Amino acid sequence: MANVEDLIAFTSLGMLILDEVHLPCGKVVENVIGGSGCFASLGARLFCPKNLSTQVGWTIRKGHDFPAETLRQLETWGMTLSVIQEDKCPSTRGQLKYLDSTFATKVFKYITPTLTIQPEHLRNTRLLTSRDFHLFVDPTQVIEQTTQLQELRKAASITPRPTVVWEPKAYSCVPENLQAFVEAMRIVNVFSPNHIELARIVNKKVPPLPDEKFFEDLCAPFFHPQDDGSTPQTALVVRAGDQGCFVKSYSEQKWLPAYYAPQDNTEAITRVSKVVDTTGAGNAFLGALTITLLMCSEDVIFAACAGNVAASFVVEQVGVPKLSSSGDGTDLWNGEDVSARFQAYRARLGHY
């Protein structure tokens, strides 16, 4: 039997981006850790206790200018990192500008060529054995990458089929790609666009106050029986930012409010004071959902609760939450125990 430290439960094929963040006050902060791979790995790590942290794996391609202190910070998370040094090119960098004091309006652009992560980068690494993979790609790429992962795993005599959670690239979420999305969704375990992306795919307008019926309608085209009568076994998890998420499978569905969704005026004030920046919250949601689906429950609704809690830690600051320890060695993120926040959230929902 393999040692616990040798097991890999989660691996993201998302990137690490070093952001140059322009704050509303005019201050510029450089080398802010970001990117889909960073936040998805963080979400998984939030729901992995310290003694299991090495089961979260991530590949990083770092350029010649990658700050040593950034790598040291990531190493404090205790994950299994596969670091590829790219001496001939700069690290992936982006520029993030906030356009108002609420942090709600922002623009992003890459300012260097991107160092993407491909399945090939997992060859001859322990990360190839991962039981879960997070992909952040378009419909064509999700088919290509899942096929490549299976081929690499077969060549390495890794027989179990992994769980694949797919987050789509925003540029691909257009009506003409609807059928491509329907087909690609069937080869993954969880498909998770945000509500704006899904509305674009099915060519619907998002109302000012979308209700559960609206989300049901968004999901409907993905659950029509195929010509052979089969129906998808994939779960569709629609992330809706500060509203929460909508989980839909062929057999069940449920709306889950965001952790910081206010229930009364007092909570509304608390929410406004706690939510700083939503960048990366959706990625962290999926990392937590993915590893919870594997480690704690095969119930995607239960796992989505973990996703909402992971997102709540990410929105509390620009960048990533701060990791520390309690007196007994328990991980604290922004000074709080993740499991305690998770239990409080589930209690609010009636302990789903």
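- The protein has the name Carbohydrate kinase PfkB domain-containing protein in an unreviewed UniProt entry, where Letharia columbiana is given as its organism.

## Thoughts on the overall build of the protein
In step 1: In terms of helices and strands, the protein carries ten helices and 15 strands.
In step 2: Relative to the compact-globule value of 20 Å for 352 residues, the protein shows a C-alpha radius of gyration of 20 Å, a close match.
In step 3: For the protein, the spread of C-alpha atoms along the three principal axes comes to 55 × 50 × 45 Å.
In step 4: Burial analysis of the protein (352 residues in total) assigns 50% to the buried set.
In step 5: A separation of at least 24 residues holds for 67% of the contacts in the protein among residues at least 6 apart in sequence.
In step 6: Summed over all atoms, the accessible surface of the protein reaches about 16,000 Å², with 52% contributed by carbon and sulfur.
In step 7: In the protein, 32 positive and 38 negative side-chain charges are present, and the distance between their average locations comes to 2 Å.

## Some details on helix H1 (residues 36-46)
Helical geometry: 3.6 residues make up each α-helical turn, so side chains three or four residues apart lie on a common side.
In step 1: Extensive coverage of H1 is indicated by the burial of eleven of its eleven residues.
In step 2: Every buried residue belonging to H1 is among Ser 36, Gly 37, Cys 38, Phe 39, Ala 40, Ser 41, Leu 42, Gly 43, Ala 44, Arg 45 and Leu 46, and all of these are buried.

## Considering the pairing of strand S9 (residues 163-168)
In step 1: By the criterion of burial, S9 is predominantly enclosed, with five of the six residues buried.
In step 2: The pairing of strand S8 (residues 132-137) with S9 spans six bridges and is parallel. Its bridge partner being in S9, Asp 132 is matched across the sheet by Thr 163.
In step 3: Each parallel crossover has a hand, and for S8 linked through helix H3 (residues 139-155) to S9 it is right-handed.
In step 4: Sheet topology note: the S9/strand S10 (residues 190-191) ladder contains two bridges and is parallel. Of the residues in S10, the one forming a bridge with Val 165 is Val 190.
In step 5: After leaving S9, the chain enters helix H4 (residues 178-185) and then returns to the sheet as S10, a path that is right-handed.

## Quick notes on the pairing of S8
In step 1: For S8, the tally of buried residues reaches five of six residues, placing the bulk of the element in the interior.
In step 2: Bridging between strand S1 (residues 10-12) and S8 involves three bridges; their strand directions are parallel. Note on S8: the bridge partner recorded for Thr 11 is Phe 133.

## A few points about the sheet that holds strand S5 (residues 80-86)
In step 1: The strand order across the open sheet formed by nine strands is S5-S4-S1-S8-S9-S10-S11-S12-S13, and the pairing between neighbours is mixed. Taken across any chain shown, the strands that pair with only one partner, and hence form the sheet edges, are S5 and strand S13 (253-256).
In step 2: In terms of strand pairing, S10 meets strand S11 (residues 235-239) through two bridges, oriented parallel. Within the sheet, the bridge partner assigned to Phe 191 lies in S11 and is Leu 236.

## Considerations on the layout of surface pockets
In step 1: Here the second largest pocket is characterised by a volume of approximately 400 Å³.
In step 2: In terms of lining, the second largest pocket is formed by 17 residues, of which the most central are Asn 189, Gln 233, Leu 293, Glu 298 and Val 300.
In step 3: Tallied by class, residues from the lining of the second largest pocket come to seven nonpolar, seven polar and three charged.

## Remarks on the packing of helix H8 (residues 281-295) against helix H9 (residues 300-314)
In step 1: Relative orientation of the contacting elements H8 and H9 amounts to 140°, with a least axis distance of 7 Å. By the angle between their axes, H8 is oblique relative to H9. Once H8 is placed against H9, the crossing between them reads as right-handed. Of the residues in H9, those touching H8 at Ala 281, Ala 284, Phe 285, Ala 288, Leu 289, Thr 292 and Leu 293 are Val 300, Phe 302, Ala 303, Ala 304, Ala 306, Gly 307, Asn 308, Ala 310, Ala 311 and Val 314.
In step 2: For the contact of H8 with H9, the class distribution of residues is 14 nonpolar, three polar and no charged.

## Regarding the environment of Thr 92
In step 1: Tracing the chain through its elements places Thr 92 in the loop between S5 and strand S6 (93-98).
In step 2: Classification of Thr 92 by relative accessible area gives buried; the value is 1%.
In step 3: Along the chain, Thr 92 and Val 188 lie 96 residues apart, while their C-alpha atoms are 28 Å from each other.
In step 4: If near-sequence neighbours (up to four positions away) are discounted, Thr 92 is found in contact with Met 15, Leu 16, Ile 17, Leu 18, Tyr 110, Thr 112, Pro 113, Thr 114 and Leu 115.
In step 5: Separated by 2.8 Å, the side chain of Thr 92 and the backbone nitrogen of Leu 115 make a polar contact.

## Things to note about the sheet that holds strand S2 (residues 17-22)
In step 1: Strand order across the open sheet formed by four strands is S3-S2-S6-S7, with mixed pairing between neighbours. Both outer strands of the open sheet, strand S3 (28-34) and strand S7 (106-110), are each paired with one neighbouring strand and no more. The sheet shows a mean angle of 25° between the axes of neighbouring strands, taken without regard to direction.
In step 2: Where S2 lies against S6, five bridges are found, and the strand directions are parallel. Each residue of the ladder has a partner; that of Leu 18, found in S6, is Arg 93.

Calculation rules
Residues numbered from 1 in each chain as written. Predicted model: local features only at pLDDT ≥ 70, side-chain atom pairs only at ≥ 80, totals over all residues. Heavy atoms only, no water. Helix = DSSP H or I, 4+ residues; strand = E, 2+ residues; numbered from the N terminus. Rg over C-alpha atoms; globule rule 2.2 N^0.38 Å. Buried < 20%, exposed > 50% of the residue type's maximum accessible area, 1.4 Å probe, protein only. Contact = heavy atoms within 4.5 Å. Areas by Shrake-Rupley, 256 points an atom, 1.4 Å probe, with all protein chains shown as cover. Lys, Arg positive; Asp, Glu negative; His and termini not counted. Charge placed at Lys NZ, Arg CZ, Asp CG, Glu CD. Pairing = 2+ DSSP bridges. Right-handed = clockwise from strand over helix to strand, strands pointing away. 1 Å grid on protein atoms, 1.4 Å probe; cavity = no way out; pocket = protein on both sides within 12 Å on 5 of 7 lines; lining within 4 Å. Points joined across faces, edges and corners; volume = space filled by probe spheres on them. Nonpolar A, V, L, I, M, F, W, Y, C, P; charged D, E, K, R; others polar. Axes fitted to C-alpha atoms, helices over the stretch in contact; angles between N-to-C directions. Parallel < 35°, antiparallel > 145°, perpendicular 65-115°, else oblique. Left-handed = near helix turned anticlockwise from the far one by under 90°. Polar contact = N/O pair within 3.5 Å; in protein donor to acceptor, adjacent residues only side chain to side chain.

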